[in-house]
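What follows is the residue order along each chain.
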Amino acid sequence: MSTVVEKQNILVQKFGGTSLSTPEARVHVLRHIKRELAEQVKLVIVVSAMGRSGDPYATDTLLESTVLNGSIPSPRERDLLMGCGEMISAVTLSGILNSEGIASIVLTGAQAGFITDDNFGNARILAVRPDRVSRELDSGKVVIVTGFQGQSEAGDLTTLGRGGSDTSATALGAALHADMVDIYTDVNGILTADPRIVEDAKPLAYVSYNEICNMAHQGAKVIHPRAVEIAMQAQVPVRVRSTFADTEGTLVTQSERFADTPTGVVDRLVTGIAYVNNVTQITVGQQEGVEHLQLKVFQAMAENSISVDFINVTPFGAVYTVFDSEAERALAVLEEMGLQPTGLSGCAKVSVIGGGINGVPGIMARIVAALTGQNIPILQSADSNTTIWVLVKKEDMVQAVRALHSQFQLHL
Ligand code: ADP
Ligand code: MG
């Protein structure tokens, strides 16, 4: 039995980088804010830094600018710099609201109550104490919160890592018992595949927390998986939608709630296709005289903090992937142990995700047929209840994603 928490008539809106990057985009942002205020909701707005890498105030640009000058700040100071992008966005937005006569206040992550550990650059949220946010909302203001940041118990500014503003938004939504968290971005919701790769990818009206969590973990970067996990724990519904349109986008909720959908049920075999680029496949074959080879390999990876994925262990050895950026180090560690690993760099992991694939005969045959039909070699494969993964060469990735998308007719 879950306890029913009374809703507070609070809406959290999160605007991503491209939604804030130009004056034209900010006109759309203002439109969404005004529409919701007309509905008498209390509004909390979480902002990302403006634009993407290369844009003047984007987080990556801020980082590169210091590196270019030859100086390398320590992690604590680096976080101070990384937190600046969101502050610039937040102040810009508050200026816009001022000129529209809409009362607002900007709160930093710390002021909004985000307490984190002190793992600078990738801090974990320990607690959210949004008392100040609630007070400002009660006084009738729109509260603008700088996403992606928090404060350690010692009082230092920390940042939450990639996708951190999504996490800020859902964590705040959870702490405030918000009715809804709207993630505004540059696409029409969650699609059956990345629209940059699959032209006829289709927006999904409903997905369950589990489905999108899986998709996000497998590389669909439209929302960060941590953000979904937090929303799921608190059962806060999330909508992923476009800043540049008035469509409702994708509602992310528990699958039980699908009973409320127009058709009463969402029963699909495959939800979507996702991909992760730039991984290296490492193969370590069983060697004469080496005992517990598999154990030694994975212990060595763990001791060197190299994260491993796509693991197949067999009596003949072990095959797994690491990010290209860590491959050289991983191979060196194995060689130092007297093993003879081989590395195949420039691979991509392509995933077919769907709650309906569990035990359905013929799915793997369709995947293999789709890829062999395009002459794409499958380097490795694995499956779980909800996902089937294949490893392909990076140059085959786009074609593989498209072939699988059309094999499962996801454009329909
Ligand atoms: P924001 O700056 O708003 O956080 P992101 O770049 O983080 O935006 O996320 C939006 C992008 O996610 C889209 O432009 C799209 O290319 C990409 N994307 C990847 N997979 C999917 C998917 N399955 N559905 C929608 N978008 C996806
Ligand atoms: Mg994002």
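Bear in mind the structure is a predicted one, so any value in this text is a computation, not a measurement.

Further remarks concern the site of ligand 1. Around ligand 1 lies a shell of 19 residues, among which Arg52, Thr185, Asp186, Asp194 and Arg196 are the nearest. Between ligand 1 and lysine 14, the relevant distance is 3.2 Å, taken from an oxygen atom to a side-chain nitrogen or oxygen of the residue. The separation between an oxygen atom of ligand 1 and a polar main-chain atom of glycine 17 is 3.1 Å. For ligand 1, the protein covers 92% of the area, taking 580 Å² as the surface of the free molecule. For the shell around ligand 1, the residue count by class is nine nonpolar, four polar and six charged.

To continue, consider the sheet that holds strand S17 (residues 380-383). Through backbone hydrogen bonds, the strands of a sheet pair up, either in parallel or in antiparallel fashion. Taken together, the six strands give an open sheet; going across it, the order is S14-S15-S13-S16-S18-S17, and neighbouring strands pair in antiparallel fashion. Edge strands, defined here as strands with exactly one partner in the open sheet, are strand S14 (309-314) and S17. Geometrically, the sheet is characterised by an average inter-axis angle of 30° between neighbouring strands, direction not taken into account. Pairing analysis gives seven bridges linking strand S16 (residues 342-353) to strand S18 (residues 387-393), with the strands arranged antiparallel. Bridging from a neighbouring strand, serine 351 pairs with tryptophan 389 of S18. Seen against the sheet, helix H11 (residues 324-336) touches strand S13 (272-285), strand S15 (317-323) and S16 and runs at an angle of roughly 140° to S15.

The next thing to look at is a nonpolar patch on the surface. Together, Met364, Val368 and Ile378 line one region of the surface with nonpolar side chains, adding up to about 180 Å² of accessible area. The residue methionine 364 is located in helix H12 (residues 363-372) in this model.

Next up on the list: the UniProt feature "binding site: ATP" (unreviewed entry) in the protein. Cross-referencing UniProt, the feature "binding site: ATP" (unreviewed entry) maps to Lys14, Phe15, Gly16, Gly17, Thr185, Asp186, Arg196, Lys221 and Val222 in the present numbering. Position of glycine 16 among the secondary structure elements: in the loop between strand S1 (10-15) and helix H1 (17-20). Dropping the residues within four chain positions of it, glycine 16 is found in contact with Ser48 and Tyr184. Within the secondary structure, arginine 196 is located in the loop between strand S9 (180-185) and strand S10 (206-208). Dropping the residues within four chain positions of it, arginine 196 is found in contact with Arg52 and Asp186.

This part is about the pairing of strand S6 (residues 142-146). In terms of residue burial, S6 counts as a mostly covered element, since five of its five residues are buried. Side chains Val142, Ile144 and Thr146 of S6 all project onto a buried face; the interleaved residues Val143 and Val145 project onto the opposite face, where all are buried too. Two strands pair when backbone bridges link them, and strand S2 (residues 42-47) and S6 are joined in this way by four bridges, in the parallel orientation. Following the sheet pairing, isoleucine 45 is matched in S6 by isoleucine 144. As paired strands, strand S3 (residues 104-107) and S6 are joined by four bridges and run parallel to one another. Bridging from a neighbouring strand, serine 104 pairs with valine 142 of S6.

The rules we used
- Residues numbered from 1 in each chain as written.
- Chains lettered and ligands numbered in written order.
- Predicted model: local features only at pLDDT ≥ 70, side-chain atom pairs only at ≥ 80, totals over all residues.
- Heavy atoms only, no water.
- Near = heavy atom within 4 Å.
- Polar contact = N/O pair within 3.5 Å; in protein donor to acceptor, adjacent residues only side chain to side chain.
- Areas by Shrake-Rupley, 256 points an atom, 1.4 Å probe, with all protein chains shown as cover.
- Nonpolar A, V, L, I, M, F, W, Y, C, P; charged D, E, K, R; others polar.
- Pairing = 2+ DSSP bridges.
- Helix = DSSP H or I, 4+ residues; strand = E, 2+ residues; numbered from the N terminus.
- Axes fitted to C-alpha atoms, helices over the stretch in contact; angles between N-to-C directions.
- Contact = heavy atoms within 4.5 Å.
- Patch = residues over 30% accessible without salt bridge, like charges linked within 9 Å, V, L, I, M, F, W, Y side chains within 5 Å.
- Salt bridge = Lys/Arg side-chain N within 4 Å of Asp/Glu carboxyl O.
- UniProt positions renumbered as here; feature names shortened; annotations may be inferred.
- Buried < 20%, exposed > 50% of the residue type's maximum accessible area, 1.4 Å probe, protein only.

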